[in-house]
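What follows is each chain in one-letter form.
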Amino acid sequence: MKTSFQRFIEKFVEGLLFLSGTITSFAVILIVLFLFKEGWGLFNETPVEKGSVIALNKSNPVQELTAQQIKNIFDRKITNWKEVGGNKDSIIVFSVNDISNYYSDAELGDSLQFVPQRISELMGKKTGIIAFFPTEYISKNFQGRILAMKKVTLTGFIKDKEWFPTAQPAAQLGILPLILGTLWVSLVAILIALPFGLATAVYIAEIADARVGKILKPVIELLAGIPSVVYGFFGLIVIVPLVQKTFNLPVGETGLSGSLVLAIMALPTIITISEDAIRNTPRAMKEASLALGATHWQTIYKVIVPYSISGISAATILGIGRAMGETMAVLMVTGNAAIIPHSILVPMRTIPATIAAELGESAHGGLHYKALFALGCVLFVMTLVINLTVDLISARRKYSK
Amino acid sequence: MKKAICLLAATGLMMAFTVGKVEIKVKGSDTVLPLSQKEAENYMKKNTDASITVVGGGSGIGIAALEDGSTDIAMSSRDLKVDEKMKLKDKKIKQVIVGIDALSIIVNPKNKVSQLTREQLEGIFTGAIVNWKEVGGDDDKIIVYSRESSSGTYDFMKEHVMGKKNYAATVLSLPATGAIVQSVGQTKGAIGYVGLAYLNKEVKDLAVSYDGKTFVKASIKAAKDKTYPIARPLYYFYAGDLEAKVKPYIDYVLSAEGQKTVEEVGYISVK
């Protein structure tokens, strides 16, 4: 009786474990699917938000404008149609709220019922006009020509160099500066954190007194418990001015400030995991090395570190993961200018910081919202690639041994 | 059965309570949000039968909510746009200015420049002017600090100072106004914009001119008499048919006591 009851309990627990495993995997897959579904929607959109159009005068020969050209036209950086392949005619920029400059309130009607008609009239009159207005203002016999816009493409999304997702009338969706910013900040962070982390781990596991180790380890683990906003604030007040003074820069909010903050944040992960790996080196191996006459230091770098390399690379992966995905601390110290960085000493904008700063404001399901989800997908792929690479490297090391 | 009766009695009691209460929903601009929260809190202390819910989200969101009737009052840091007016034309919208917000242009105290025209500001924020010596300062790179694009002040600068042109890509954007003050205070070539209430000794505010002749510094007085150009009214919009419901609250905000709160929060009273 008892045994069958025990068997039942065993089966039950097994089932429970299976279930929780399945649910977790399922949730992960669902999240990834959701991310890519929302992100992929971006490539069905044009840079001009749905519900609005850009229109030209009928006689204008220009058939196509890129998002960047439209932005430059509306910023008055391009002022003549000749520059975008049209006739020699100066460009008149028009948006709905400018209508009162052309018509009196009486002409617009007391409940603004004549607005569509007036827009159409204006489109017919001015040869150099480019207008941006909601689709509901297209009147029946529209006098202008609506400009057909191309959809956002994946290559354009990754290669373009300007990120102005809220620019009116055409959003600029180029994420190259964001990708480069993220890579610069996190790779430099890991370059700073890895030597320090590894050295500390070796010290605690091998060299330090047991008592010192007992004090040191909790102190380092305490670092992991500090909220990232606090790191960000610390970075802004302490590290930013420090970087500015040390390198004599015009501005202290740079990629390096972000890297330094991230390096401090990644340290506890790297130290704890590599220390565990180092401690797992079999006693027999260490003693064999010492018995052969190797010194303590030789044992450390010829036996212990190579033995625990897979644990150390796991620590690196998790460290990079933390660095790449960190938002708040980076948002506060890197300056967030979306420009292509040519060195670590200029302001940068990272992908997580961009998502954190902008998602709250973007309209649900809109162009900007989808662009931010697509950014999330890009970040996901980047992290995945780095993880796989490190996995591959550490696997190869093991074989060559 | 007993349970069901109890439940019914409880719901009845709750309904009796809620019927007596006037519920007002206020939604919109994040700039007006702290003001409305404070006003609502004080108002509810005095009128225990009133319940006011204040939600942020942005001026556009509040106005959209007014359209579909999901809010009674829309807070806004800008006037209605033409297309919003079109959508709201059946609602007989009324507007009340509850306070004024002035934006100061701030630089580092070490900066020699003490005044700029609107055109110069436009050049600096759009990236056409990149060195302080172009506007009469030292030979230093200009570092422009801005808020993130979700902020109402970001749009306000773009519309009223920059002639609706886009910010330069090199502009540094920070997540909070406090962070801008901090950064401008510690960066020599910095320039930024903040609400009047955020000024402190760490930064220097500039006199600004829209006509190129008279330069005025931001102050409560200058914003009130409209000599300071970078100021904007803060609005409440509500539908004409709901006037009876929202009027007591709005009257309170406009009263001497309500306007004192406006100044406590850091804006300029309209009285």
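Numbering of residues begins from 1 in every chain and follows the order in which that chain's sequence is written. Each chain is given a letter, starting from A, and each ligand a number, starting from 1, according to the order in which they appear as written. Only residues with pLDDT of at least 70 are given local features in this predicted model, and only at 80 or more are side-chain atom pairs given and counted; all residues enter the totals for whole chains, interfaces and linings. To get the side-chain values, take all heavy atoms of the structure and skip hydrogens and water.

> Which residues make up the overall build of chain A, and what values go with them?
Runs of E in the DSSP output that reach at least two residues are strands. Runs of H or I that reach at least four are helices, and both are numbered from the N terminus. Summing up its helical and strand segments, chain A has 16 helices and 6 strands in all. For the radius of gyration, the atom set is restricted to C-alpha positions; the globular benchmark scales as 2.2 Å times the number of residues to the power 0.38. Its C-alpha atoms give chain A a radius of gyration of 30 Å, more than 25% over the compact-globule value 21 Å for 401 residues. By principal-axis analysis of the C-alpha atoms, chain A measures approximately 95 × 75 × 40 Å. Categorising residues by exposure relies on relative accessible area from a 1.4 Å probe, with only protein chains included: less than 20% of the type maximum marks a residue as buried, more than 50% marks it as exposed, and the intermediate range marks it as partly exposed. Taken over 401 residues, chain A has a buried fraction of 47%. The contacts in chain A between residues at least 6 apart in sequence include a share of 69% that link residues at least 24 apart. In the structure as shown, chain A presents an accessible area of about 20600 Å², 65% of it carried by carbon and sulfur atoms. Where the 35 positive side-chain charges of chain A centre and where its 28 negative ones centre are 7 Å apart. We call two residues in contact whenever any of their non-hydrogen atoms come within 4.5 Å of each other. Shrake-Rupley sampling with a 1.4 Å probe provides the accessible areas, and residues are treated as covered by the protein chains on show and by no other component. Charge counting follows a simple rule: Lys and Arg are positive, Asp and Glu are negative, and His as well as the terminal groups are ignored. Positions of charges follow a simple convention, taking NZ of Lys, CZ of Arg, CG of Asp or CD of Glu.

> Tell me about the domain arrangement of chain B, and name the residues and values.
All names here are of chain B. Under the domain assignment used here, chain B contains domain 1 (20-100 + 233-265) and domain 2 (101-231). Centre-to-centre separation of domain 1 and domain 2, based on C-alpha positions: 29 Å. Taken together, the contact between domain 1 and domain 2 spans 7 residues of the former and 6 residues of the latter. Accessible area that two parts lose when put together, evaluated with a 1.4 Å probe and summed over both, is termed the buried area. Approximately 540 Å² of surface area, both sides summed, lies buried where domain 1 meets domain 2, with 55% of it carried by carbon and sulfur atoms. Counting the surface domain 1 buries against domain 2, the share from its top three residues, T31, I100 and E263, is 65%. What makes a salt bridge here is a side-chain nitrogen of Lys or Arg within 4 Å of a carboxyl oxygen of Asp or Glu, nothing more. Viewed at the interface, domain 2 and domain 1 are joined by 0 salt bridges. Here a polar contact is taken to be a pair of N or O atoms separated by no more than 3.5 Å, where protein atoms must pair a possible hydrogen donor with a possible acceptor and residues adjacent in sequence count only if both atoms sit in side chains. Linking domain 1 with domain 2 are 0 residue pairs in polar contact (both at pLDDT 80 or more), by the criterion used here. Side-chain classes are defined by residue name, with Ala, Val, Leu, Ile, Met, Phe, Trp, Tyr, Cys and Pro counting as nonpolar, Asp, Glu, Lys and Arg as charged, and the others, Gly among them, as polar. Split by residue class, the side of domain 1 that touches domain 2 holds 4 nonpolar, 2 polar and 1 charged. Boundaries between domains were set according to an automatic or database domain assignment.

> So what's going on with the layout of surface pockets? Which residues, and what values?
All names here are of chain A. We place a 1 Å grid over just the protein atoms. Points where a 1.4 Å probe fits but has no way out form a cavity, open points with protein on both sides within 12 Å along at least 5 of 7 lines form a pocket, and any residue with an atom within 4 Å of a point lines it. Grid points are joined across faces, edges and corners, and a volume is the space filled by probe spheres set on the points. In this model, the second largest pocket occupies a volume close to 470 Å³. Around the second largest pocket sit 20 residues that line it, and P47, T66, A67, Q68 and D160 are the ones nearest its centre. For the lining of the second largest pocket, the secondary structure elements donating two or more residues are α2 (67-74), α6 (154-159) and β6 (172-173). Split by residue class, the lining of the second largest pocket holds 8 nonpolar, 6 polar and 6 charged.

> Lay out empty space enclosed by the protein with the relevant residues and their values.
Using the criterion set out here, one finds 3 cavities of 30 Å³ or more in the structure. Taken as a whole, the largest cavity spans an internal volume of roughly 230 Å³. A:W163, A:F164, A:R349, B:Y154 and B:S173 are, among the 19 residues lining the largest cavity, the residues nearest its centre. Among the residues making up the lining of the largest cavity, the classes are represented as 10 nonpolar, 5 polar and 4 charged. In this structure, the second largest cavity encloses a volume near 50 Å³.

> A description of the interface of chain B and chain A should follow, citing residues and the corresponding values.
Residue-level contacts link 34 residues of chain B with 36 residues of chain A. When chain B packs against chain A, the two sides together hide about 2800 Å² of surface, and 55% of this comes from carbon and sulfur. Across the chain B-chain A interface, the total number found is 2 salt bridges. Of the charged contacts in the structure, one is a salt bridge between A:R349 and B:E148, with a shortest N-O distance of 3.0 Å. One can count 9 residue pairs in polar contact (both at pLDDT 80 or more) joining chain B with chain A. Mapped by element, the contributors of at least two residues to the side of chain B that touches chain A are α4 (82-87), β6 (143-147), α6 (152-160), β7 (172-174) and α7 (177-186) of chain B. Top contributing element to the side of chain B that touches chain A by residue count: α4(B), with 5 residues.

> An account of the confidence of the model for chain B is requested, with residue identities and associated values reported.
Residue and element names in this part refer to chain B. Think of pLDDT as the predictor's per-residue confidence, scored from 0 to 100. For chain B, per-residue confidence averages 85 on the pLDDT scale, and 91% of positions sit at 70 or higher. Predicted confidence in chain B is weakest over helix α1 (residues 2-20), with a mean pLDDT of 54, and strongest over helix α5 (residues 118-126), with 94. The ipTM value of the predicted complex is 0.78, and its pTM value is 0.80.

> Kindly report on the side chain of B:R147, identifying the contributing residues and their values.
Residues and elements named next belong to chain B. Relative to the helices and strands, R147 resides in strand β6. Residue R147 is classed as buried on the basis of its relative accessible area of 18%. At 3.0 Å, the side chain of R147 forms a polar contact with the side chain of T177. What R147 contacts, discounting residues up to four positions off in sequence, is T153, Y154, S173, L174, P175, A176, T177, I180 and Y193.

> So what's going on with the packing of aromatic side chains? Which residues, and what values?
Residue and element names in this part refer to chain A. For Phe, Tyr and Trp, rings pair up if their centres lie within 6.5 Å, where Trp contributes its six-membered ring, and each pair is then called stacked (planes under 30 degrees apart), edge-to-face (over 60) or tilted (otherwise). Summed over the entire model, instances satisfying the criterion amount to 16 aromatic pairs over all chains. The interplanar angle of 65° and the centroid separation of 5.1 Å between the aromatic rings of W40 and F43 together place this pair among those described as edge-to-face. W40 gets classed as exposed once you look at its relative accessible area, which sits at 55%. With centroids separated by 5.1 Å and ring planes inclined at 35°, the aromatic side chains of W297 and Y301 adopt a geometry described as tilted. Of this pair, W297 and Y301 both sit in helix α12 (residues 296-307), 4 residues apart, which is roughly one turn of that helix. Accessibility expressed as a relative area gives 56% for W297, which makes it exposed.

> Could you give me a rundown of the side chain of B:D72, with the residues and numbers involved?
Residues and elements named next belong to chain B. Within the secondary structure, D72 is located in the loop between α3 (59-67) and β3 (73-76). Given the relative accessible area of 5%, D72 is considered buried. A polar contact is formed between the side chain of D72 and the backbone nitrogen of K25, at a distance of 2.9 Å.

> Just give me the short version of unusual backbone geometry, but keep the residues and values in it.
It is generally the case that most residues other than glycine have a negative phi and that most peptide bonds are trans. Residue and element names in this part refer to chain A. Despite not being glycine, R76 shows a phi value in the positive range, around 60°. Positionally, R76 belongs in the loop between α2 and β2 (92-95). One non-glycine residue, N336, adopts positive backbone phi at about 55°. Looking at the element boundaries, N336 is found in the loop between α14 (328-333) and α15 (351-358).

> With reference to specific residues and values, describe the packing of helix α9 (residues 228-246) of chain A against helix α10 (residues 255-279) of chain A.
Residues and elements named next belong to chain A. Packing of α9 against α10 leaves a shortest axis separation of 9 Å and a crossing angle of 135°. Classed by the angle they form, the pair α9 and α10 counts as oblique. You can see that α9 and α10 cross each other, and the crossing is right-handed. Touching S228, Y231, F234, G235, I239, V240 and V243 of α9 are L256, S257, L260, V261, I264 and M265, all from α10. Each residue belonging to the contact of α9 with α10 can be placed in one class, and the counts come to 10 nonpolar, 3 polar and no charged. Inter-axis angles, ranging from 0 to 180 degrees, are taken between N-to-C directions of lines fitted to C-alpha atoms, where helices are fitted over the stretch in contact. Any angle that is under 35 degrees is reported as roughly parallel, and any over 145 degrees as roughly antiparallel; angles of 65 to 115 degrees are reported as roughly perpendicular and all others as oblique. Note on convention: near helix rotated counterclockwise from far helix by under a right angle means a left-handed crossing. Clockwise means right-handed.

> Please give an account of the domain arrangement of chain A that cites residues and values.
Residues and elements named next belong to chain A. By the assigned domains, chain A splits into domain 1 (4-44), domain 2 (52-150) and domain 3 (176-400). The gap between the C-alpha centroids of domain 1 and domain 3 is 29 Å. With 8 residues of domain 1 in contact, the opposing surface of domain 3 contributes 10 residues. A combined buried area of about 830 Å² lies between domain 1 and domain 3, and 85% of that area is made up of carbon and sulfur atoms.

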